[in-house]
Amino acid sequence: MGWFIRVIKGVVISLGFILPGVSGGVLAAILGLYERMLHFLAHVTRDFKGNFLFFLPVAIGGVLGLVLLSNPLEYLLDRWQVVVLWGFAGAIVGTLPALLRESVSRGRRDRTDVVWLLGTFVVGGVALYLLPAAAGNVPANFLGFVLAGALIALGVLVPGLSPSNLLLILGLFTPMLQGFRDRDLVGTFLPIALGAVAALLAFSKLMERLIDRHHSRVYHFIIGLVLASTVLIVVPTQSAEAIDYTGAGVGTVVASVIALAAGLGLGLWTARLEAKYKGAAA
């Protein structure tokens, strides 16, 4: 029964891979898996067999969730892009209060924290805005999906960081969903898995140390990046997947406001669940 429950948890965590505004790390924390996962990745040789067998059903559930959920999400983006993206933006904004609380959970916010946040917001926002125009969209090929896998892994390692909004800006989000929908093992799943595993092994120990030693700085950096990428979701850019307001009428505006409010509610709800998990685990 425990094996089956971990498969279901993997399906839920997969939402953090494909829903902008939803963090796989937050979902892993809600489900009671984050701390053990981070410790395993940071010290992979310790009890490797036991941890591998524990997380295997989670991985199976994650792949299953990607296959089952990518097609409906692609359908929604194809037909109601503006409404869906504003809903995503609301979900991201809804997670910000929890991120702000977490950023000061180990000490008071100081001037340097504020500089980190504002600097990341401005520099990160400008860089992300100019990236598609300067370098073009990242090609949806093997190497592009390796990058996508690395970003997905960072979304697992860093609770509150949603990789999907970055993939939208880089033009990789819809091609990734299409690959998941088509069960493209070699062209999509394999490079994403390679990128994710490489990033997890490369950055898990670093992330464990950074959060332990520079908790406030790390979280204010994350908040700045989240804010910058959220703004770019609803602002037209040169990205192939940028929001397009052409033909948007009053109905679209009303639906977008409703989606924004619904997304905000969803973000606040998931943040409360995470807080509840942490309170129970304390």
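The structure this text deals with has already been given above.
Just so we're clear, the structure is a prediction, and the values are computed from it rather than from any experiment.

Conventions we followed
Residues numbered from 1 in each chain as written. Predicted model: local features only at pLDDT ≥ 70, side-chain atom pairs only at ≥ 80, totals over all residues. Heavy atoms only, no water. Helix = DSSP H or I, 4+ residues; strand = E, 2+ residues; numbered from the N terminus. Buried < 20%, exposed > 50% of the residue type's maximum accessible area, 1.4 Å probe, protein only. Phe/Tyr/Trp six-rings, centres within 6.5 Å; stacked < 30°, edge-to-face > 60°. Lys NZ or Arg CZ within 6 Å of the ring centre and 35° of its normal. Polar contact = N/O pair within 3.5 Å; in protein donor to acceptor, adjacent residues only side chain to side chain. Contact = heavy atoms within 4.5 Å. Patch = residues over 30% accessible without salt bridge, like charges linked within 9 Å, V, L, I, M, F, W, Y side chains within 5 Å. Areas by Shrake-Rupley, 256 points an atom, 1.4 Å probe, with all protein chains shown as cover. Salt bridge = Lys/Arg side-chain N within 4 Å of Asp/Glu carboxyl O. Lys, Arg positive; Asp, Glu negative; His and termini not counted. Charge placed at Lys NZ, Arg CZ, Asp CG, Glu CD. Axes fitted to C-alpha atoms, helices over the stretch in contact; angles between N-to-C directions. Parallel < 35°, antiparallel > 145°, perpendicular 65-115°, else oblique. Nonpolar A, V, L, I, M, F, W, Y, C, P; charged D, E, K, R; others polar.

Participant: Tell me about the environment of Ala98, and name the residues and values.
Facilitator: Here Ala98 shows up in helix H5 (residues 81-103). Taking the relative accessible area as the measure of exposure, Ala98 reaches 14% and is therefore buried.

Participant: Could you give an account of the packing of aromatic side chains, with specific residues and numbers?
Facilitator: A full pass over the atoms with the stated rule returns seven aromatic pairs. Seen in terms of ring centroids, Phe40 and Phe55 are 5.8 Å apart; in terms of plane orientation they differ by 5°. Their pairing is stacked. Of this pair, Phe40 sits in helix H3 (residues 34-42) while Phe55 sits in helix H4 (residues 48-79); the two residues are 15 residues apart in sequence, bridging distant segments of the chain. Aromatic side chains Phe180 and Phe189 sit 5.0 Å apart centroid to centroid with 45° between the ring planes, which places their arrangement in the tilted category. Every member of this aromatic cluster is reached through a ring pair, and the members are Phe40, Phe48, Phe52, Phe54 and Phe55. Taking the ring centre of Phe54 as reference, the NZ or CZ of Arg36 above it sits at 3.8 Å.

Participant: Which residues make up the side chain of Ser204, and what values go with them?
Facilitator: Along the chain, Ser204 turns up in helix H10 (residues 185-213). Under the relative-accessibility criterion, Ser204 is labelled buried at 0%. Polar side-chain contacts of Ser204 include one of 2.8 Å to the backbone oxygen of Leu200. Contacts of Ser204, omitting those with residues within four sequence positions, involve Leu38, Leu41, Ala42, Leu157 and Ala199.

Participant: Outline a positive patch on the surface, supporting the account with residue identities and numerical values.
Facilitator: A cluster of basic side chains, namely Arg46, Lys205, Arg209 and Arg213, defines a positive patch on the protein surface. Mapped onto the elements, Arg213 comes out in helix H10. For Arg213, a relative accessible area of 61% corresponds to the exposed category.

Participant: Help me get a handle on the packing of helix H7 (residues 142-157) against helix H8 (residues 163-170), residues and values and all.
Facilitator: Running from amino to carboxyl end, H7 crosses H8 at an angle of 155°, the nearest separation of the two axes being 8 Å. One way to sum up the angle between H7 and H8 is to call them roughly antiparallel. For the pair H7 and H8, contact is made by Leu147, Ala148, Leu151, Ile152 and Gly155 and by Pro163, Leu166, Leu167 and Leu170, respectively. Within the contact of H7 with H8, the residues separate by chemical class into eight nonpolar, one polar and no charged.

These results come straight from atomic positions and should not be treated as a statement about function.
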